[in-house]
Amino acid sequence: MEIVYNGYVSAISQVVRRETLLPLQQASLLEEEDSPEEAAAEARPGPRVAPEYEPDPEAVLRRLVPDYIEISIYRALLESTASEHGARMTAMRNASDNAVDLISDLTLQMNRARQAEITQDLMEVVAGAEGLG
């Protein structure tokens, strides 16, 4: 069983992720590096005792596997939601910035047109005054 979702990296970056949930042998789990103490304990020579589980490993897996799948799906849903919100936020910021630029350009065009009209009116007044004089 695999799950594909939008993974959240940052507000402006999302990555499509694909994770294998089942079978657990192929599951893509996040692994942390072993601490130096654990590495030294593994390198220690001598007899090792097999751990005993209580309850038995099958009972533990019957309890943990459904929780693991549920949490993995819930995390994927949360990351997808966060990615969507980040993408919407970025899109709205870009739209706002574009609107500010558009308003600035249109204001400049309007001021130039108004200035050209005033200049034309002044030229007509001066031409009329020259015609009288």
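Refer to the structure presented above.
Computed from a predicted structure; not experimentally measured.

The rules we used
- Along every chain, residues carry numbers that run from 1 in the direction the sequence is written.
- The predicted nature of this model means local features are confined to residues of pLDDT at least 70 and side-chain atom pairs, given and counted, to a pLDDT of 80 or more, with totals for whole chains, interfaces and linings taken over all residues.
- In computing side-chain values, all of the structure's heavy atoms are included and hydrogens and water are not.
- Helix and strand definitions here come from DSSP, where helices need a minimum of 4 consecutive H or I residues and strands a minimum of 2 consecutive E residues; each element is numbered from the N-terminal end.
- Between buried and exposed lies partly exposed: a residue is buried under 20% and exposed over 50% of the maximum accessible area for its type, with that area taken using a 1.4 Å probe on protein chains only.
- Counted as a polar contact is a pair of N or O atoms within 3.5 Å, where, for protein atoms, one must be capable of donating a hydrogen and the other of accepting one, and residues adjacent in sequence contribute only when both atoms are in side chains.
- A contact between two residues is defined here by any heavy atoms of the two lying within 4.5 Å.
- Note on definitions: salt bridges are taken to be side-chain nitrogens of Lys or Arg within 4 Å of carboxyl oxygens of Asp or Glu.
- Exposure above 30% relative accessible area and the absence of a salt bridge qualify a residue for a patch, where like charges join within 9 Å and nonpolar side chains (Val, Leu, Ile, Met, Phe, Trp, Tyr) within 5 Å.
- With residues, only the protein chains shown are counted as cover, and all accessible areas are computed by Shrake-Rupley using a 1.4 Å probe.
- Throughout this description, the term nonpolar core refers to a set of buried Ala, Val, Leu, Ile, Met, Phe, Trp, Tyr and Cys residues connected via side-chain atoms within 4.5 Å.

1. So, the side chain of S83
And step 1. Looking at the secondary structure, you find S83 in helix α2 (residues 57-132).
And step 2. What makes S83 buried here is its relative accessible area of 2%.
And step 3. One polar contact links the side chain of S83 to the main-chain amide nitrogen of Y8, over a distance of 3.3 Å.
And step 4. Non-local contacts of S83, meaning those with residues more than four positions away in its chain, are made with N6, G7, Y8 and Q14.

2. Overview of the pattern of salt bridges
And step 1. Enumeration over the complete set of coordinates arrives at six salt bridges.
And step 2. Residue R88 is joined to E84 by a salt bridge in which the shortest nitrogen-to-oxygen separation is 2.6 Å. On the criterion of helical spacing, the pair formed by R88 and E84 is a turn pair, its members being four residues apart in helix α2.
And step 3. The exposure class assigned to R88 is exposed, which follows from its relative accessible area of 52%.
And step 4. Here the residues in one salt-bridge network are R17, E19, R75 and E79, joined through shared partners.

3. Re a nonpolar patch on the surface
And step 1. Together, M1, I73 and L77 make up a nonpolar patch on the protein surface, roughly 270 Å² of accessible area in all.
And step 2. By the element assignment, L77 lies in helix α2.
And step 3. Judged by relative accessible area, L77 falls into the exposed class, the value being 52%.

4. Points about unusual backbone geometry
And step 1. Going from L22 to P23, the amide bond is cis rather than trans, its omega being 0 degrees.
And step 2. Relative to the helices and strands, P23 resides in the loop between β2 (13-20) and α1 (36-43).

5. So, the nonpolar core
And step 1. Core analysis: the largest hydrophobic core is formed by six residues, namely I3, Y5, L21, V65, I69 and A76.
And step 2. Every element with two or more residues in this core is listed here: β1 (2-10) and α2.
And step 3. A total of three residues in this core trace back to one element, the largest contributor, which is α2.
And step 4. Apart from the residues lying within four places of it in its own chain, the contact partners of Y5 are V15, V16, R17, E19, R75, A76, E79 and S80.

6. Focus: the environment of L24
And step 1. By the element assignment, L24 lies in the loop between β2 and α1.
And step 2. For L24 and M1, which are 23 residues apart along the polypeptide, the C-alpha to C-alpha distance reads 9.7 Å.
And step 3. With residues near it in sequence (within four places) discarded, L24 still touches L61, V65 and Y68.

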